[in-house]
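Each chain, written out:
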Amino acid sequence: MACVVVVGSQWGDEGKGKVVDLLTEGVSGIVRFQGGNNAGHTLVVGGEKFILHLIPSGILYADKTSYIGNGVVVDPEVLLMEIDRLISRGVEVGPQRLRLSERAQVIMPYHKALDLAREKAKGGAAIGTTGRGIGPCYEDKAARVGVRVCDLLEPELLKAKIEANVKEKNFWLTSYYQEPALDPAAILEQYLAYGRRLAPHVTDVSLELDGLLKAGKNLLFEGAQGTHLDIDHGTYPYVTSSNPVAGSACTGAGVGVTRLNSVQGLVKAYTTRVGGGPFPTELLDATGEWLRDKGGEFGSTTGRPRRCGWLDAVVVRHAVRLSGITGLCITKLDVLTGLDKIKLCVAYRLPDGSTLEALPASLTRLAQCQPVYEEFAGWRDDLTGIRRYEDLPQACRVYLGRLSELAGAPLTLVSVGPERESTIMLKKVF
Ligand code: GDP
Ligand code: IMO
Ligand code: MG
C-alpha cells in the first residue's frame, strides 16, 4: 500500500496531467482533492490529446477508479460535459469508474457571475482568474452557505439554499456590480437535473479510499494549480482560493496524514504563469517569446498566453519545503533545446545588497527582489527519443544536477515530450 501525492511546484501547468497519467499504471485509484475546473491537465496518449478539467488524469486506464474528493469545487455542467466528451471518444466513464464526493462543494451560476463581475470591477488590479467561479464557491464554503453535492439530491433543501443564496447574490450583482439578476427557479430546475444525472457517481469518497487502502491498494493524489498559487503560501492575493500544497490531499480527500508516503513535485524546466502577480524571473524579451512559442505556452483552460521566464530554484526550494517533496519530476526539458545559454535563479538580491533564499510574504518586498542567476551551457541535441538519464547531453545533466542540489530533493523522472512514453525514469514511484 502506498499513497503518493503529485503537486505543482511553480504557478501551475507544470505537466501534472502527463505525469499523473504515467504514474496511474501503478495504482488502483486516482484522486483530485482541491481546485476545480480552473485546472487544465493535458494528456497525450497514442497521438491523441485529452484536456481534463475536473476528471482525474487516470481516467484513460480502463481498470482504475477516479475520485473527485470533498475538497474539489465541482461545476456539474462542466463535469457532465467532460464525461460526455470522454464517452464520445471511447473512454469508459461509468459510475463505478468515476466517483464523486457527496461532500464536495458545487459551483453555482452566481459564483461564476460574481467571479467575472469582481474581476471586471478590479480593472488593472484584476487577479486574472479563470472566471470559473472558483473563488466565490470557496467563499460560500467558508461562510457555510455553500451547496454540496449531496444537496443536489434533496429537492426541498436545494430549493431553500438556492433561494436564500440568489436573494443575497442578486443584491450584489445588481446593486453593486450593475449586472443582471439571476432567476432562482431556473437554477433549481437545472441543478436538480444535474443531480439526477450525477446521482449514480455520488458516494462517500473517504470511505471508499479507506477500503482500498485496507485492501493494500496504491493511491495517487493529483494536485491542481501549483504551490505558489496556494491561498496561504502563494503570492497572495494573486493566488487561487484553495491549497494546492500536498497537505491538502488529506483534508480534500478525507485521508489521514499518516497514510501519505511520498510527494512528487512537478517542475517545468523553465517557469510560466497565467494571470497577474509577481514573477521574479519573467522574461519580457525575445527569449520569453521563444519559450512561449516552442513550449506551446497557451492556457489549457482559457487559451491565454502564459508568461514565461527562467527556472527559479528559490520557487522550487520553497515548494519542496511546503509540501515535503521527496522527488522532482522535471518536465519540458526538450523545450530548452537550441538555447545557447540557460539561466537558473539561485537566490534573490534586495536593494540593500542582502540576499533572500525564500519568497517573502510582502509583495512590495518581492517586487524589489532581483534574481541572482547562475548561467549554464545549452545543448542542441534532440532529447525527445532519449529514455536513459546517462544518454542526456552532459549540459542537461549539469543543469538538472544543480537544480536538484539547490532544491534539496532528488530527481524521480525527466519528461522530454508530451507523450506518455517520452519519459526518463530515474526512480520507481510505486
Ligand atoms: P498541468 O496543468 O500541470 O497538467 O499542465 P498543462 O497540461 O496545463 O500544460 C502542460 C503542457 O505541456 C501540455 O500541453 C502537455 O501536453 C505539455 N507537456 C507535458 N510534458 C511535456 C514535455 O516533457 N515536453 C513537452 N514538449 N511538452 C510537455
Ligand atoms: P493547472 O491545474 C495555471 C490561476 C489563474 C489566476 C489565479 C486565480 O492547470 O495547473 P482562479 O480561477 O483559480 O480563481 O484564478 O490562478 N490558475 C492557474 N494557473 N494553472 C492552473 O491550473 C490554474 N488554476 C488557476 O490564472 O491567476
Ligand atoms: Mg494546466
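Residues numbered from 1 in each chain as written. Chains lettered and ligands numbered in written order. Predicted model: local features only at pLDDT ≥ 70, side-chain atom pairs only at ≥ 80, totals over all residues. Heavy atoms only, no water.

S.K.: It is not clear to me how the overall build of the chain should be interpreted in this structure. Could you clarify?
M.R.: If you tally the helices and strands in the chain, you get twelve helices and 20 strands. Computed over C-alpha atoms, the radius of gyration of the chain comes to 22 Å, within 12% of the 22 Å expected from 2.2 N^0.38 for 430 residues, which places it in the range of a compact globule. Structurally, the chain occupies a C-alpha span of about 65 × 50 × 40 Å along its principal axes. The 430 residues of the chain split such that 58% are buried. At a minimum sequence separation of 6, the contacts of the chain that also span at least 24 residues come to 76%. Computed over 49 positive and 49 negative side-chain charges, the separation of the two mean positions in the chain equals 2 Å. (Helix = DSSP H or I, 4+ residues; strand = E, 2+ residues; numbered from the N terminus. Rg over C-alpha atoms; globule rule 2.2 N^0.38 Å. Buried < 20%, exposed > 50% of the residue type's maximum accessible area, 1.4 Å probe, protein only. Contact = heavy atoms within 4.5 Å. Lys, Arg positive; Asp, Glu negative; His and termini not counted. Charge placed at Lys NZ, Arg CZ, Asp CG, Glu CD.)

S.K.: When you look at the domain arrangement of the chain in this model, what are you seeing that I'm missing?
M.R.: Size of an interface: often given as the accessible area lost when the parts come together. Partitioning the chain into domains gives domain 1 (3–101 + 201–263), domain 2 (106–198) and domain 3 (267–425). Domain 1 and domain 2 are separated by 23 Å when their C-alpha centres are compared. In this complex, domain 1 contributes 27 residues to the contact, which on the side of domain 2 involves 19 residues. The junction of domain 1 with domain 2 conceals about 2000 Å² of combined surface from both sides, 65% of it contributed by carbon and sulfur atoms. For domain 1, the biggest contributors to the area lost against domain 2 are Val-73, Pro-76 and Leu-80; these three give 27% of the whole. Remark: the boundary between domain 1 and domain 2 carries three salt bridges. Residues Lys-112 and Glu-77 are paired through a salt bridge, measuring 3.7 Å at the closest nitrogen-oxygen approach. For the interface between domain 1 and domain 2, the tally reads seven residue pairs in polar contact (both at pLDDT 80 or more). Of all the secondary-structure elements, those providing two or more residues to the side of domain 1 that touches domain 2 are strand S6 (73–74), helix H2 (76–88) and strand S7 (98–101). (Domains from an automatic or database assignment. Buried area = accessible area lost by both parts, 1.4 Å probe. Salt bridge = Lys/Arg side-chain N within 4 Å of Asp/Glu carboxyl O. Polar contact = N/O pair within 3.5 Å; in protein donor to acceptor, adjacent residues only side chain to side chain.)

S.K.: Explain a nonpolar patch on the surface to me, please; I cannot follow it from the model alone.
M.R.: A contiguous nonpolar surface patch, about 370 Å² in accessible area, is contributed by Phe-171, Trp-172 and Tyr-176. With respect to the helices and strands, Phe-171 occurs in helix H5 (residues 155–176). (Patch = residues over 30% accessible without salt bridge, like charges linked within 9 Å, V, L, I, M, F, W, Y side chains within 5 Å. Areas by Shrake-Rupley, 256 points an atom, 1.4 Å probe, with all protein chains shown as cover.)

S.K.: How do you make sense of the sheet that holds strand S10 (residues 219–222) when you look at a structure like this?
M.R.: One key point about sheets: their strands pair by backbone hydrogen bonds, in either a parallel or an antiparallel sense. An order of S9-S7-S5-S2-S10-S1-S11-S15-S19-S20 is seen for the ten strands of this open sheet, with the pairing classed as mixed. Sheet topology places strand S9 (202–203) and strand S20 (423–425) at the edges, where each strand pairs with a single neighbour. Sheet topology note: the strand S2 (residues 29–32)/S10 ladder contains four bridges and is parallel. Residue Gly-29 lies in a different strand from S10, and its bridge partner there is Leu-219. (Pairing = 2+ DSSP bridges.)

S.K.: It is not clear to me how the site of ligand 1 should be interpreted in this structure. Could you clarify?
M.R.: Surveying the vicinity of ligand 1 reveals 18 residues, the closest of which are Lys-16, Thr-42, Ser-300, Asp-334 and Ser-415. Asp-13 places a side-chain nitrogen or oxygen 3.0 Å from an oxygen atom of ligand 1. Separating an oxygen atom of ligand 1 from a backbone N or O atom of Lys-16 is a distance of 2.8 Å. Here ligand 1 loses 91% of its free accessible area of 580 Å² to cover by the protein chains. Of all the secondary-structure elements, those providing two or more residues to the shell around ligand 1 are helix H1 (16–23) and strand S3 (41–45). (Near = heavy atom within 4 Å.)

S.K.: Sorry if this is basic, but what is going on with the site of ligand 2 here?
M.R.: In the neighbourhood of ligand 2, 20 residues make up the surrounding shell, with Asp-13, Lys-16, His-41, Thr-130 and Thr-240 lying closest. Residue Gln-225 places a main-chain N or O atom 2.8 Å away from an oxygen atom belonging to ligand 2.

S.K.: Can you walk me through the coordination of the magnesium ion (ligand 3) in this structure?
M.R.: As a benchmark, a tetrahedral metal site with four donors has ideal angles of 109.5 degrees, while an octahedral site with six donors has ideal angles of 90 or 180 degrees. With distances of 2.1 to 2.2 Å, the protein atoms coordinating the magnesium ion (ligand 3) are Asp-13 (OD) and Gly-40 (O). With Asp-13 in the loop between strand S1 (3–8) and H1 and Gly-40 in the loop between S2 and S3, this pair connects stretches of sequence that are 27 residues apart. Looking at Gly-40, the relative accessible area reads 10%, which means it is buried. (Donors = N, O, S within 2.8 Å, 3.2 Å for Na, K, Ca; no water.)

S.K.: Would you mind showing me how to read helix H6 (residues 184–198) here?
M.R.: Counting along an α-helix, one turn takes 3.6 residues, and residues three or four places apart therefore face a common direction. In this model H6 runs 21 Å from its N-terminal to its C-terminal C-alpha over 15 residues, within 8% of the 21 Å that 1.5 Å per residue would give. Taken together, the buried positions of H6 are occupied by Ile-187, Leu-188, Tyr-191, Leu-192, Tyr-194, Gly-195 and Leu-198. All buried residues of H6 lie within an arc of 160° about the axis, which places them on one face of the element. Along H6, exposed side chains directed more than 90 degrees from the buried face belong to Ala-185, Glu-189 and Arg-196. Packing partners of the buried residues in H6 comprise H2, S7, strand S8 (105–106), helix H3 (109–122), H5 and S9. Near the N-terminus of H6, the side chain that reaches the backbone nitrogen of Ala-185, with its oxygen 3.1 Å away, is that of Asp-183. (Expected span 1.5 Å × (residues − 1). Arc of directions from axis to C-beta.)

S.K.: Explain the packing of aromatic side chains to me, please; I cannot follow it from the model alone.
M.R.: Two measures describe an aromatic ring pair: the distance that separates the ring centres and the angle between the ring planes. Within the structure shown, the criterion is met by seven aromatic pairs. Between Trp-11 and Phe-279, the ring centres sit 5.6 Å apart and the planes meet at 45°, which makes this aromatic pair tilted. Note that Trp-11 is positioned in the loop between S1 and H1 and Phe-279 in the loop between strand S12 (271–273) and helix H9 (286–295), a separation of 268 residues in sequence. Judged by centre distance (5.0 Å) and plane angle (75°), the ring pair of Tyr-191 and Tyr-194 falls under edge-to-face. (Phe/Tyr/Trp six-rings, centres within 6.5 Å; stacked < 30°, edge-to-face > 60°.)

S.K.: Whenever I open this one, the pattern of salt bridges confuses me. Can you help?
M.R.: Side-chain pairing between opposite charges can occur once the charged atoms of the two side chains come close. The final tally for this structure, using the stated rule, is 26 salt bridges. Ionic pairing is found between Lys-64 and Asp-63, a salt bridge with its closest N-O pair at 3.9 Å. Here Glu-405 ties to Arg-402 by a salt bridge, and the two come within 2.6 Å at their closest N and O atoms. One end of the pair, Glu-405, and the other, Arg-402, are both in helix H12 (residues 394–407), three residues apart, so they sit about a helical turn from each other. Salt bridges linked by common partners bring Asp-13, Lys-268, Glu-297, Arg-306 and Lys-332 together as one network.

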